[in-house]
Amino acid sequence: MSQMPYGTTEADARTTRSTVEALLQGLEAGKSVAELFAEQVDWDIPGAKEVPWIGRRSTRAEVAGFFDSLHDHVIVHEFRVTQILVDGRDAVLLGRLHDTVKATGRPLTTAFAIHLTVEKGHITRYHLYEDSYAVARAVIP
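Note that this is a predicted model, so its numbers are computed, not measured.

**Section: the overall build of the protein**
Right, on to step 1. Counting its regular elements, the protein contains 3 helices and 6 strands.
Right, on to step 2. Starting at the N terminus and ending at the C terminus, the protein contains elements arranged as α-β-β-α-β-β-β-β-α.
Right, on to step 3. Computed over its C-alpha atoms, the radius of gyration of the protein comes to 15 Å, within 12% of the 14 Å expected for a compact globule of 141 residues.
Right, on to step 4. Based on the C-alpha atoms only, the size of the protein along its principal axes is roughly 50 × 30 × 25 Å.
Right, on to step 5. Each of the 141 residues in the protein was classed as buried or not, and the buried ones make up 39%.

What follows is the structure, given as structure tokens:
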């Protein structure tokens, strides 16, 4: 039997997995996913400040704004999650994405990892790691 991280239960892991699956299903269906996030969230996508969707956010409203405006900047061709790892309240999603940046017409292809934390059924942390150099090259003229 695997041991859960200190202070977590099997129920936490089930909640985390179901929340992550709801996030992915909502994104795939083009639905709003903001309600899956806590009112206060630790959100970070590191990278060049010239990239409009990069940076930190701290509220559900800011997260909603990210998802609402992302398609203003890119044409999504593929967002494929290849693995979901759940450990108590934490999840890591591994995958690849392929977009076209609308402003430059350049392709953007990168592997990614997303670290999520789920507490009481809401996402409280969302940190996305990707090839920020490739993102900057695709976006900055």
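**A word on the pairing of strand β5 (residues 107–119)**
Right, on to step 1. As judged from the 11 bridges shared by strand β4 (residues 90–101) and β5, these two strands associate in the antiparallel manner. The partner of His98 across the bridge, within β5, is Thr109.
Right, on to step 2. The turn linking β4 back onto β5 is made up of 5 residues, and Gly105 within it adopts a positive phi angle of 75°.
Right, on to step 3. Sheet topology places β5 next to strand β6 (residues 122–130); 8 bridges connect them, and they run antiparallel. Bridge assignment links Leu116 to a residue of β6, and that residue is Tyr126.
Right, on to step 4. With antiparallel pairing between neighbouring strands as the criterion, β5 and β6 make up a hairpin whose turn holds 2 residues, including Lys120 at a positive phi of roughly 50°.

**With respect to the sheet that holds β6**
Right, on to step 1. Taken in spatial order, the 6 strands make up an open sheet running β2-β1-β6-β5-β4-β3, and their pairing is mixed. Two strands bound the open sheet, and with one partner strand each, they are β2 (55–59) and β3 (74–87). The average angle at which neighbouring strand axes cross in this sheet is 15°, direction not considered.
Right, on to step 2. Each of β1 (37–45), β2, β3, β4 and β6 is contacted by helix α2 (residues 60–73), which is oriented at about 50° to β1, the strand it contacts most.
Right, on to step 3. Running at roughly 125° to β5, helix α3 (residues 132–139) makes contact with β4, β5 and β6 of the sheet.

Reading the values: the criteria
Residues numbered from 1 in each chain as written. Predicted model: local features only at pLDDT ≥ 70, side-chain atom pairs only at ≥ 80, totals over all residues. Heavy atoms only, no water. Helix = DSSP H or I, 4+ residues; strand = E, 2+ residues; numbered from the N terminus. Rg over C-alpha atoms; globule rule 2.2 N^0.38 Å. Buried < 20%, exposed > 50% of the residue type's maximum accessible area, 1.4 Å probe, protein only. Pairing = 2+ DSSP bridges. Axes fitted to C-alpha atoms, helices over the stretch in contact; angles between N-to-C directions. Contact = heavy atoms within 4.5 Å.

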